[in-house]
Amino acid sequence: MENLISRIAMCVERGKINKNSPYPKDMLGEDGVEELVQQALAMGIPAGKILEEGLMRGMSVIGKKFSKNEVFVPDVLMSARAMNIAMPYLKSAFETGETKHKGVFIIGTVQGDLHDIGKNLVRMMMEGVGWKVIDLGVDTPPEKFLQAVKENPGAVVGMSALLTTTMINMGRAVKVLKDENPNIIIVVGGAPLTQDFCDKIGADKYCPDPQACIEYLDEKLNLSRN
Ligand code: B1M
């Protein structure tokens, strides 16, 4: 079992998407993330373990290498694609089968920012615990968040930012939303954020990971007892 999890981590790190993927060349014809994740689920390995100890561990390794200029943008993109291919399989494993939604959760990566792996994880986990999620994608301008809220009164908004340069756009989006909807709940996340930054831009809660988001909203909206 540990071997399988380590292979998943290695395939994410190397950007090996699936068996048919021609990259990387030295792994031609070998199983990739898509096959290994399905095998792990079939063996009964919990989706959370596959996510944290396999996929996210591989992403963290490539992330550190990227920081040290040991790999380049295309390598990281391949890893991101390898990680994303696993999401639909994990999503169905996380699904609770609950039919009544907890509410509507609108999520997007803020304007100027193209990172979507963290956002996709939050989306998947929120759906898994029963939220109806509207995903606005990446590079989301404040007006797009506003429009989605108009179409879904009472929705909670989640924003993700991975760059110090795009955090400022998160502040703008929060202001636009709160000016028109003072009672709206906005949760924010992404590696460079802090609770202090969240307080400064007037969002409601900084969530370091998807679980924090789930727990905060359960408590705030008294949902865990429903
Ligand atoms: Co980018 N990138 N990147 N990148 N990239 C970082 C973020 C960086 C830290 C790497 C580095 O230099 N050390 C750095 C930012 C530096 C900074 O601002 N301080 C950086 C840079 C500089 C850039 C470019 C500018 C590089 C360039 O072009 N020269 C460029 C910017 C493009 C743009 O957005 N306009 C760029 C591009 C890319 C790729 C396209 C190659 C690719 C993104 C692919 C994709 O997302 N589809 C990429 C990647 C993959 C990374 C790293 C390696 C990994 C990010 C990631 O997906 N992590 C990253 C380095 C690193 O983090 N070590 C890096 C895994 C993911 C699960 O974690 O997103 O943090 P994360 O999400 C977590 C939590 O933060 C939280 O939950 C998740 C699970 O725990 N979370 C939330 C996230 N959002 C949340 C929302 C919530 C709640 C929790 O509520 C709503």
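Cut-off values and rules
- Residues numbered from 1 in each chain as written.
- Predicted model: local features only at pLDDT ≥ 70, side-chain atom pairs only at ≥ 80, totals over all residues.
- Heavy atoms only, no water.
- Buried < 20%, exposed > 50% of the residue type's maximum accessible area, 1.4 Å probe, protein only.
- Helix = DSSP H or I, 4+ residues; strand = E, 2+ residues; numbered from the N terminus.
- Pairing = 2+ DSSP bridges.
- Right-handed = clockwise from strand over helix to strand, strands pointing away.
- Patch = residues over 30% accessible without salt bridge, like charges linked within 9 Å, V, L, I, M, F, W, Y side chains within 5 Å.
- Areas by Shrake-Rupley, 256 points an atom, 1.4 Å probe, with all protein chains shown as cover.
- Salt bridge = Lys/Arg side-chain N within 4 Å of Asp/Glu carboxyl O.
- Donors = N, O, S within 2.8 Å, 3.2 Å for Na, K, Ca; no water.
- Phe/Tyr/Trp six-rings, centres within 6.5 Å; stacked < 30°, edge-to-face > 60°.
- Domains from an automatic or database assignment.
- Buried area = accessible area lost by both parts, 1.4 Å probe.
- Disulfide = S-S within 2.5 Å.
- Expected span 1.5 Å × (residues − 1).
- Contact = heavy atoms within 4.5 Å.
- Axes fitted to C-alpha atoms, helices over the stretch in contact; angles between N-to-C directions.

Draft legend 1. Representation of the pairing of strand β4 (residues 186-189) within the structure. Both faces of β4 are covered, namely the face carrying Ile186 and Val188 and the face carrying Val187 and Gly189. With 4 bridges joining them, strand β3 (residues 156-160) and β4 adopt parallel strand pairing. Bridging across to β4, Gly158 finds its partner in Val187. Note that the unit made of β3, helix α8 (residues 164-180) and β4 has a crossover that is right-handed.

Draft legend 2. Spatial organisation of a nonpolar patch on the surface. A contiguous nonpolar surface patch, about 270 Å² in accessible area, is contributed by Phe66, Val73 and Leu77. Mapped onto the secondary structure, Leu77 falls in helix α4 (residues 73-85).

Draft legend 3. Region of interest: the coordination of the cobalt atom of the ligand. A lone protein donor contacts the cobalt atom of the ligand, and this donor is His115 (NE2), found at 2.2 Å. Note on placement: His115 falls in the loop between β1 (104-109) and α6 (117-128).

Draft legend 4. Summary view of the packing of aromatic side chains. According to the stated counting rule, one finds 1 aromatic pair in the structure shown. On the basis of an interplanar angle of 65° and a centroid distance of 6.1 Å, the ring pair of Phe105 and Trp131 is categorised as edge-to-face. Taken together, the positions of Phe105 in strand β1 and Trp131 in the loop between α6 and β2 (132-135) put the pair 26 residues apart, joining distant regions of the chain. Pair check on accessibility: Phe105 and Trp131 agree, each one buried.

Draft legend 5. Local environment of the domain arrangement of the chain. Split by domain assignment, the chain resolves into domain 1 (2-95) and domain 2 (104-220). Each of domain 1 and domain 2 has a C-alpha centre, and these two points are 26 Å apart. Together, the buried faces of domain 1 and domain 2 total about 800 Å²; carbon and sulfur atoms form 78% of this surface. Considering only the side of domain 1, the residues that lose the most area to domain 2 are Met87, Lys91 and Phe94, jointly responsible for 49% of the buried surface there.

Draft legend 6. A look at the state of the cysteines. Enumeration over the complete set of coordinates arrives at 0 disulfides. For Cys207, which is in no disulfide, the shortest distance to another cysteine sulfur is to Cys213 and amounts to 4.0 Å. On the accessibility criterion, Cys207 (6% relative accessible area) is buried.

Draft legend 7. Fine view of the pattern of salt bridges. Applying the stated criterion across every chain yields a total of 11 salt bridges. In this structure, Lys102 engages Asp218 in a salt bridge whose closest nitrogen and oxygen atoms are separated by 2.9 Å. With Lys102 in the loop between α5 (87-94) and β1 and Asp218 in helix α10 (residues 210-220), this pair connects stretches of sequence that are 116 residues apart. Among the residues examined, Lys102 registers a relative accessible area of 23% and is labelled partly exposed. Between Asp204 and Lys178 there is a salt bridge whose closest N-O contact spans 2.7 Å. Taken as a pair, Asp204 in the loop between α9 (195-201) and β5 (205-206) and Lys178 in helix α8 lie far apart in primary sequence, 26 residues in all.

Draft legend 8. Quick look at α4. With 13 residues, α4 should reach 18 Å at 1.5 Å per residue; the first-to-last C-alpha distance of 18 Å fits that figure. When we look at burial in α4, the residues that qualify are Val76, Met78, Ser79, Ala80, Ala82 and Met83.

Draft legend 9. Spatial organisation of the environment of Val122. The residue Val122 is located in helix α6 in this model. Taking the C-alpha atoms as reference points, Val122 and Gly189, separated by 67 residues in sequence, lie 9.3 Å from one another. For Val122, the residues in contact, after removing those within four places along its chain, are Phe105, Ile107, Pro210 and Cys213.

Draft legend 10. Up close: the sheet that holds β1. The strand order across the open sheet formed by 5 strands is β2-β1-β3-β4-β5, and the pairing between neighbours is parallel. Looking at which strands have only one partner, the edges of the open sheet turn out to be β2 and β5. Bridge analysis of β4 against β5 gives 2 bridges, and the strand direction is parallel. By the bridge assignment, Val188 is partnered in β5 with Tyr206. Lying over the sheet, helix α7 (residues 142-151) contacts β1 and β3, oriented at roughly 170° with respect to β1. The strands touched by α8 are β3 and β4; relative to β3, the strand with the most contacts, the crossing angle is about 165°.

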